[in-house]
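Now for the letters of each chain:
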Amino acid sequence: MSQNKIDIKKFQSLIALLLLCIVLGLMTDKFFTAENGLNVLRQVAVNICIATGMTLIVLTAGIDLSVGSVLALCGAVTAGLFKNGLEFPSSDLFVGFTMLGAILAGLLLGALIGWINGFSITKFNVPPFVATLAMLTIARGFTMLYTKGHPISNLGKDFANIGSGTFIEIPVPVWLAIVVVIIAVVVTQKTRLGRYIYAIGGNEQAAKLSGINIKKVKLIVYSLAGSLAALGGIIVTARLDSAQPNAGISYELDAIAAVVIGGTSLSGGKGSVRGTVLGAIIIGVLNNGLVLLNVSPFWQQVVKGAVILLAVIIDKLGEKKE
Amino acid sequence: MNKYIKYILLLLAVVLVAYKSVYFEKLSERKSNNTAIAFDATAFSKKLWLQQFPVKLDNAVALPVLMEAINKSSTTAFTQYTNALAVGNYRYALVKLDAVVTSVKEDEVLINVQAGDSVLQASLATEFIYGNSIRDASGLVQVKDYPNTSDLNSISEALNKIVRSEVLPSFKSAVKKGNTVNAVAAVELNKEHIHWQGLEFIPLRISIKQ
């Protein structure tokens with residue numbers, strides 16, 4: 001009996017997704033088309049990347065509110081380096097970046113920002129909420145400074161392909177999201193780092209006493225989340241063929257929503273990347289369905305918020321029963 | 001030994017990635033190359049203003065004619081008399097108008113425009129000349145000719161500056177309430193929601209009747 005209950009809980013996100021798809025399929029004939037399916041996947045790919053990093057953080061009982069701003073900053077820096085390079089007038093030197101170089105620089109910057117988040121949390125015991133809230137503002141400010149408030153556009157066909165190209169009929173961002181998810185699942189399920197992440201989230205004190213280097217694990221986790229937010233930024237920039245200084249606003253909320261809907265506990269230690277992927281797809285399908293049904297954008301926000309609240313309530317009720 | 005091989009392989013990988021990631025040039029050489037092909041929006045707009053705008057202004061449609069055409073068949077009239085670079089409901093036109101000044105304010109001049117049997121209350125912008133109205137209304141600039149959006153924006157910026165500095169100062173210093181003015185102006189129209197009252201005109205050629 002107890003085993004049955006656990007099984008249902010395990011599959012509740014999947015059941016919710018299937019129910020949502022069936023309802024939307026009945027309400028609009030445009031929903032179950034290959035084109036729409038690929039469109040939904042393309043749209044959720046960015047959130048999957050960000051939410052995967054967020055899952056790792058939430059599993060350690062942390063949170064990262066800065067991912068939207070990190071996405072914007074890293075997207076802008078990648079675009080800026082690729083298009084304009086770096087100028088050193090005093091040395092009469094111009095350093096140009098190939099596409100690979102600009103992307104690597106963007107990912108490294110994301111990792112560095114994540115590391116700074118982790119450092120202020122572990123070194124100075126700043127609550128993750130506050131540390132990353134501060135970084136949200138700092139990164140957005142740097143984005144505005146770097147871009148001077150203007151978009152960086154016309155990055156070329158090759159770069160645009162990262163966001164809008166396809167490989168075997170599947171959009172490139174979807175492939176990138178698949179790679180990210182596979183790596184994250186392997187890390188969380190099959191490696192020592194993954195076990196440490198769950199252990200820290202489950203009981204940080206016990207994990208510390210058992211010899212786990214908590215600071216190091218948290219630094220790695222926040223750095224990974226930063227670089228995944230940067231990857232999201234590169235995809236968004238490539239898709240628009242333009243780095244927008246106001247990109248990624250409120251993306252952190254979609255990422256947290258995906259994590260929560262996917263069944264990861266905000267108090268840490270429980271959840272999975274697979275659940276988060278389902279959570280991200282549920283949000284994507286919900287967004288898509290509401291658009292297809294011509295629901296006002298204002299109501300869309302209300303519905304999305306209500307779904308997140310419902311998911312948390314169901315999760316809490318489940319925890320109480322257990 | 002294994003450890004050293006590992007480090008050497010790692011170093012080689014880093015060097016290879018770096019080699020494929022960055023390249024170096026002399027900044028001065030690069031700048032001189034770029035200057036030769038850089039788009040000079042100010043010079044381009046000045047040339048446009050002096051050589052092509054006069055013809056466009058001479059051939060601008062009279063406001064009452066435009067109003068009648070739109071009332072008769074808006075699709076045809078908007079296609080014939082207006083232009084726009086962006087997709088959307090906003091269209092831009094160059095129009096000739098006669099008006100009586102009803103008030104002179106710091107940043108605009110309020111006017112009454114006689115259009116057929118009706119009198120339109122409108123304004124002439126005299127201080128804040130922003131946006132793409134002038135560029136788009138002229139129909140002289142096409143999106144396909146400019147792969148770089150910032151070049152397109154620079155043209156608008158330069159044209160707005162020309163109007164601010166060359167057209168408006170003499171008018172602003174001379175205009176008084178009760179004057180009758182003749183103008184050719186750029187105007188923005190929403191093709192889905194046409195409101196003739198309260199339009200703002202940007203004067204590109206304007207004179208006060210003595």
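Since the model is a prediction, treat every value here as computed from it, not as a measurement.

> Explain a nonpolar patch on the surface to me, please; I cannot follow it from the model alone.
Residues and elements named next belong to chain A. There is a patch of nonpolar side chains on the surface, built from Phe11, Leu14, Ile15, Leu18, Leu19, Ile22, Val23, Leu26 and Met27 and spanning about 890 Å² of accessible area. Here Val23 lies in helix 2 (residues 12–27). Given the relative accessible area of 43%, Val23 is considered partly exposed.

> Looking at this model, I keep getting lost on the interface of chain B and chain A. Mind explaining?
Between chain B and chain A, the contact holds 15 residues from the first and 15 residues from the second. In this assembly, chain B packs against chain A so that about 1300 Å² is buried in total across both faces, 55% of it on carbon and sulfur atoms. Looking only at chain B, the three residues that lose the most surface to chain A are Ser21(B), Tyr23(B) and Leu27(B), adding up to 39% of its buried area. At the junction of chain B with chain A, the criterion picks out 1 salt bridge.

> Is there a simple way to think about the side chain of Asp151(B) in this case?
Positionally, Asp151(B) belongs in helix 7 (residues 149–174). With residues near it in sequence (within four places) discarded, Asp151(B) still touches Phe39(B) and Tyr146(B).

> It is not clear to me how empty space enclosed by the protein should be interpreted in this structure. Could you clarify?
One way to see where empty space is left: roll a probe the size of a water molecule over the atoms. Residue and element names in this part refer to chain A. Under the defined criterion, the tally for this structure stands at 1 cavity of 30 Å³ or more. Here the largest cavity defines a volume of roughly 50 Å³. Forming the boundary of the largest cavity are Leu71, Ala72, Gly75, Ala76, Gly233, Val236, Thr237, Leu240, Ser242, Ala243, Gln244 and Ala247. Of all the secondary-structure elements, those providing two or more residues to the lining of the largest cavity are helix 4 (67–84), helix 11 (214–240) and strand 6 (242–243). Looking at the lining of the largest cavity residue by residue, the classes come out as 7 nonpolar, 5 polar and no charged.

> Whenever I open this one, the sheet that holds strand 2 (residues 93–97) of chain A confuses me. Can you help?
Strand pairing in a sheet is mediated by backbone hydrogen bonds. Such pairs are either parallel or antiparallel. Sheet architecture is open: 3 strands sit in the order 1(A)-2(A)-1(B), paired in antiparallel fashion. Across the chains shown, the open sheet's two edge strands, defined by having one partner strand only, are strand 1 (86–88) of chain A together with strand 1 (22–26) of chain B. Within this sheet the neighbouring strands show an average axis-to-axis angle of 20 degrees, counted without direction.

> Please explain the nonpolar core as it appears in this structure.
In a soluble, globular protein the nonpolar side chains are often hidden away together inside. In terms of nonpolar packing, the biggest core is built from 59 residues, with Ile48(A), Met54(A) and Val285(A) touching the most fellow members. Per element, the largest residue contribution to this core is 10 residues, and it comes from helix 3 (residues 34–59) of chain A. Look past the residues within four positions of Met54(A) in its chain and what remains in contact with it is Ile63(A), Asp64(A), Val67(A), Glu252(A), Ala255(A), Ile256(A) and Val259(A). One finds Ile70(B), Ala99(B), Leu120(B) and Val184(B) within the second-largest nonpolar core, a separate group that totals 58 residues.

What counts and how
- Numbers given to residues run from 1 along each chain, matching the order in which its sequence is written.
- Naming scheme: in the order in which they are written, chains are lettered from A and ligands are numbered from 1.
- The model is predicted, so local features are restricted to residues of pLDDT at least 70 and side-chain atom pairs to those at 80 or more, both for listing and for counting; the totals for chains, interfaces and linings are taken over all residues.
- Note that the side-chain values use all heavy atoms of the structure and ignore hydrogens as well as water.
- Exposure above 30% relative accessible area and the lack of any salt bridge qualify a residue for a patch; like charges then connect within 9 Å, and the nonpolar side chains Val, Leu, Ile, Met, Phe, Trp and Tyr within 5 Å.
- Areas reported here follow the Shrake-Rupley algorithm with a probe of radius 1.4 Å; residue values treat only the protein chains shown as occluding.
- When a carboxyl oxygen of Asp or Glu lies within 4 Å of a side-chain nitrogen of Lys or Arg, that pair is called a salt bridge.
- Here a helix means four or more residues in a row that DSSP labels H or I, a strand means two or more in a row labelled E, and each is numbered from the N terminus.
- Partly exposed residues are those whose accessible area sits between 20% and 50% of the maximum for their type, while under 20% is buried and over 50% is exposed, using a 1.4 Å probe and protein chains only.
- Working rule for contacts: check all heavy atoms of both residues, and any pair within 4.5 Å makes them a contact.
- Summed over both partners, the accessible surface that disappears when two parts come together, traced with a 1.4 Å probe, is what is meant by buried area.
- With a 1 Å grid laid over protein atoms only, a set of points is called a cavity when a 1.4 Å probe fits there but cannot get out and a pocket when it is open yet has protein on both sides within 12 Å along at least five of seven lines; lining residues have an atom within 4 Å of a point.
- Grid points are joined across faces, edges and corners, and a volume is the space filled by probe spheres set on the points.
- Gly falls in the polar group here, along with every residue not listed as nonpolar (Ala, Val, Leu, Ile, Met, Phe, Trp, Tyr, Cys, Pro) or charged (Asp, Glu, Lys, Arg).
- A pair of strands counts as paired when DSSP detects no fewer than two bridges linking them.
- Orientation is described by lines fitted to C-alpha atoms, with helices fitted over the stretch in contact, and by angles between N-to-C directions that extend from 0 to 180 degrees.
- We call a set of buried Ala, Val, Leu, Ile, Met, Phe, Trp, Tyr and Cys residues a nonpolar core when their side-chain atoms join them within 4.5 Å.

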